[in-house]
Structures are given as structure tokens and as C-alpha cells.
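# Summary of the model geometry
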Amino acid sequence: MSGVTFHSGENVPLEMHKVRIVQKLNLIAVEERQKAIAEAGNNTFLLRNRDVYLDMLTDSGVNAMSDKQLAAMMIADDSYAGSETYYRLEAKIEEIFGTKIFFPAHQGRACENILSKAFIKEGDVIPMNYHFTTTKSHIMLNGGRVEELFTDEAIKITSDNPFKGNMDIDKLLACIKENGPDRIPFVRMEAGTNLIGGQPFSLENYRQISKICKEYGIMLVLDASLLADNLYFMKVREDECKDMSIRQITREISDLTDIIYFSARKLGCARGGGICTNNAEAAEKMKELVPLYEGFLTYGGMSVREMEAITIGLDETMDINMINQGPLFIEYMVEQLEKKGVPVVTPAGGLGCHIDAMAFVDHIAQDQYPAGALAAAIYIASGVRGMERGTMSEQRNEDGSEQLSNMELVRLALPRRVFTMSQVKYAVDRIVWLYENRKLIEGLTFVEEPKILRFFFGRLAPVSNWQEKLVAKFREDFGDSL
Ligand code: F0G
């Protein structure tokens, strides 16, 4: 018996924490929401948080902190060099991952910058299960190329494969054969694979990859930003992990890995990041880059208060009753939407609930940004802010044509331990209403389109007056309610 309580009655996830500090939320009226999204250029990144009811944009840096984390922040040791806070974090990382060398960095992409600068040369190839936006950019900036070696299941929207984040072993062997191990400085595996819907890899798959890497003398690098979710899924979905503790599974993973890096905006529920290894030679190559780009080796651009919070947060991550909260709430949300016919990515992953805009608004052409239009419509209908993960997030081709995305998703992130069950139910109800009225939603067109990272800064307009019609229908169905 693991002694774990996953659900209360009727399959409703059970919170294993209580709320002790609250932040007041605003729910502005639907007419005001329409005005706010217009002012934000129909781009949810440009909304002001005061106009947002439930902020499901991301789980990054917005997870709820525990009482113990807040308490630890008060005893942080402020010092440029040699802070006790650093040594506490370093010791916790060694306890959990078994790694003796730890380089702090201000967030996950800073670790990617250091790794890319230290190991990638012009023409190198980095095989991975799937790319993440910042990872790919850093690799390319340093002259490298990304090879995504996902399995066929990974990009199927609906599936019952429990490990869509696995790497295809045959593709890895073929990639090594084609490029030669000398052109491959490292293989990167991403835990809780973000862009395909927070999907995990299995311990078995990871072990096979590690074996191949060792055979060819290639380093295995783990992006552990979403490790908490991956650990939970291994524990509940993989036979060999059922009787292992979360600490044991973590140690098993880290023993198979040469370098672990993470965004502590996700892992550890605070803000920061770091690189962990036992490989002294690799560490030498990274060491001088830390003070150059981040800060001295004992803070790396982080506040010591956040470092104390990470130390406690990592320890709390080893508790199944902490790491199950995100995935269980997401599973609940996915199941409720699925029951009403709303197209969602399955099986439910970590990070958030992913809605398939390509199916939801299948009448909108991809060059009119179905996922962007749906994210704007969800905000108007509910005050919930999601993130477009589709063609808007791509960059145009050299000739100016659209690079149409494989998937058109709206991600509704559930930052860990932040939202209550009634808030999740509210989001589900409004999305179901929107699905029933989906024909009212039409596309968007760019009015200001930056060349790079257009999804962050770009401004769009509706192709017709569909948003006014949506608001009118809302009033008809919901009367005076917000
Ligand atoms: N790796 C993964 C898997 C991530 O999800 C992220 C960030 C990073 C690296 C970069 O870390 O933000 O601390 O620099 N993901 C955020 C998101 C931005 O919203 O999914 P960072």
C-alpha cells in the first residue's frame, strides 16, 4: 500500500493542501472582456492580468508556494559569494539527483544558453524527443540543428498511449548512423514533453536511450523542467515504477543521465533554474559561462530567497501527494470536456488541458489562426486566458508564406495548486457553451506582425464582426451574469 489518496467520491480529485493566503480575482463583464481583448490585439499575451479571471496562460513562475517555502525565504543568506543558501540548495540537489556539481542560472533558457555555448559547434545535430521553443533557438543560434525523433503516437491528438513523450529508438540509431557520433554532442530528452501536451516518457524508454548514448560515447541531457509530472505518470502508468518511491524513480533517472537542467519556474515551484552533473570534464566547459551570463557561481542570477524556496520545493516534489495535484486536476478537466464532445488532447498530460482548435473550429482556415481565434473567444466567453500553440506561434517561411503548424492547440495551463475545483468547473462550462456556439467564431488577421516571436508581440483583428455576435449570444443565454 502506498497510502496515497487520489480521489474522493465520483472521481473528483482530492486537494492535499489547504488555502492559507488568497489573491482577489476580478471577473469583468463580457462586454468589457471583448474590449480588453480588442485592446490586446486579440493576443492573450498582451492582456493585462487585472482583466483576467483565471490565468491559464502558463504554469511558469506562477505555481502556488507552500508555507514551508515562504518560511525558508526568510532565512536566506544574502551574499554575492559563498552564501549558505547556495550550499543548502546544492546539498538538496545532491540528495535528490546524486549529482555533486550544481551551476545555478536565472531560468531554464539560461541553462540552454550555457549548454549550447559549451557543447554545440557549427553543423552539429541534437536529437531529442521533441523541441521546446527556447531550446531550439539556442541550439540554432550556436550553429546546431534539432532532430525530433518522436514516435508516431506523439502527434496524434487522441490516443491511449501512456507515454507519447517517448523517443523512437530506431530513429535514434538511424540518426547516429547518418550523422556519426562526433557530430552529436548530446541527446536531449524533455520530461513532460511540453509542446505535444505535457506528455511523459517511460523509464524503460529512457533506459534504452541511455544505453545507446553510452555505447556511442554521447552525453544524455535531461530537460527536467516538467519532471514532476513525468514522475507522477511513471509511478501510476508504468508497472516497474508502481512499487518504487518517487525518490527512487528520480534517482534511477538521474543515474542514467549525464547532465540535468531545469527551469525552477516549474520544477520546485519558485523562480530560477540550474544545471546538475557528475561529469567534471563537461562541468569545466560550462563553469566560466555561469559568471559571464548569469552571476557568480553561488547565485547565478537568482535571488537567494528564491533559491531557498527551490530547495524546499524540490524536496516537496518528492511527495506523490504534491505532484499528483496538477495531473489529477488536468485529467478531470480533460474528462469533463471530452464527455461533452469538446476535442482535447488525450491522454491527459501534465502542465495543462490542451484543446484541439483544428477540430473545435474546423471551419476556420489555418492561415486565419484557428487556435488564436479560439483563445480570444475563450477569453471573451469566460475571462480565462489560455495560450495559442499553433500557426501563430510559428515563424513565416523565407518567401513570406505561412508555416502551417502540425497542430492547432489552445493550452489552458493549470499552475500547480492554484485553482479550485469550482474554477475548473466554471472553465469547463464556458468552454462547453462556446463549443455549442462554435460556428459564431471566425478567424483573425495580423494588423501588426513582427518578424520574430510574432506570437508574443503581434496584434491581430477579427476578420468580421464575429466577436460582437458572440457577445450578443452570450447575453441572450446568460442574461445579466458576467
Ligand atoms: N524547457 C521546457 C520544457 C519548458 O517548458 C520551458 C519553459 C523551458 C525549458 C524554459 O524555461 O521559461 O524558465 O526559461 N516553458 C514556459 C511555458 C515558458 O510557458 O511553457 P524558462
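All residue numbers here refer to positions counted from 1 along the written sequence of the relevant chain. Predicted model: local features are reported for residues with pLDDT of at least 70 only, side-chain atom pairs are reported and counted for 80 or more only, and whole-chain, interface and lining totals are derived from all residues. Side-chain calculation: all heavy atoms of the structure are included, whereas hydrogens and water are not.

You can read the domains of the protein as domain 1 (4-59 + 322-478) and domain 2 (67-321). Centre-to-centre separation of domain 1 and domain 2, based on C-alpha positions: 28 Å. Summed over both partners, the accessible area lost on bringing two parts together, with a 1.4 Å probe, is the buried area. Summing both sides of the interface, domain 1 and domain 2 together bury roughly 2700 Å²; the carbon and sulfur share of this comes to 57%. Summed over the three residues of domain 1 that lose the most area to domain 2, namely Met322, Ile323 and Met407, the buried surface amounts to 24% of that side. Salt bridges are counted wherever a side-chain nitrogen of Lys or Arg sits within 4 Å of a carboxyl oxygen of Asp or Glu. Between the two partners, domain 1 and domain 2, sit three salt bridges. Nitrogen and oxygen atoms within 3.5 Å of one another constitute a polar contact, given that in protein one can donate a hydrogen and the other can accept it, and given that sequence-neighbouring residues count only through two side-chain atoms. If you look at where domain 1 meets domain 2, you find 18 residue pairs in polar contact (both at pLDDT 80 or more). Helix and strand definitions here come from DSSP, where helices need a minimum of 4 consecutive H or I residues and strands a minimum of 2 consecutive E residues; each element is numbered from the N-terminal end. Of all elements in the fold, only α13 (320-323), α14 (325-339), β9 (352-356) and β12 (409-413) reach the threshold of two or more residues within the side of domain 1 that touches domain 2. Here the element with the most residues in the side of domain 1 that touches domain 2 is α14; it accounts for three residues. These domain limits were set by an automatic method or by a database of domain assignments.

Quick look at the packing of aromatic side chains now. When two rings of Phe, Tyr or Trp (its six-membered ring) have centres within 6.5 Å they constitute a pair, described as stacked for plane angles under 30 degrees, edge-to-face for angles over 60, and tilted for the intermediate range. Under the defined criterion, the tally for this structure stands at 18 aromatic pairs. Ring plane angle 90° and centroid distance 5.3 Å describe the contact between Tyr53 and Tyr426, whose orientation is recorded as edge-to-face. One end of the pair, Tyr53, is in the loop between α1 (30-39) and β1 (54-55); the other, Tyr426, is in helix α17 (residues 421-436), and 373 residues separate them in sequence. Burial classes follow relative accessibility: with a 1.4 Å probe on protein chains only, a residue under 20% of its type's maximum area counts as buried, one over 50% as exposed, and anything between as partly exposed. Assessed through its relative accessible area of 17%, Tyr53 is described here as buried. Note on Tyr426: relative accessible area 15%, which makes it buried. Ring geometry for Phe456 against Phe457: centres 5.9 Å apart, planes inclined by 50°, an arrangement best described as tilted.

Glancing now at the sheet that holds β9. Two strands pair if DSSP finds at least two bridges between them. As summarised here, the arrangement of the three strands in space is β9-β12-β11, forming an open sheet in which the pairing is antiparallel. The open sheet has two free edges, formed respectively by β9 and β11 (387-389), since each of these has just one partner strand. Mean inter-strand twist for the sheet, computed between neighbouring axes without regard to direction, equals 30°. Of the pairings in the sheet, the one linking β11 to β12 comprises three bridges and is antiparallel in character. When the bridges of β12 are listed, Glu388 appears paired with Val410. Residues count as neighbours in contact if any of their non-hydrogen atoms are within 4.5 Å of one another. Axis geometry follows a simple rule: fit a line to the C-alpha atoms, using only the stretch in contact for helices, then measure angles between N-to-C directions, giving values from 0 to 180 degrees. Strands β9, β11 and β12 of the sheet are contacted by helix α16 (residues 370-382), whose axis makes an angle of about 40° with β12.

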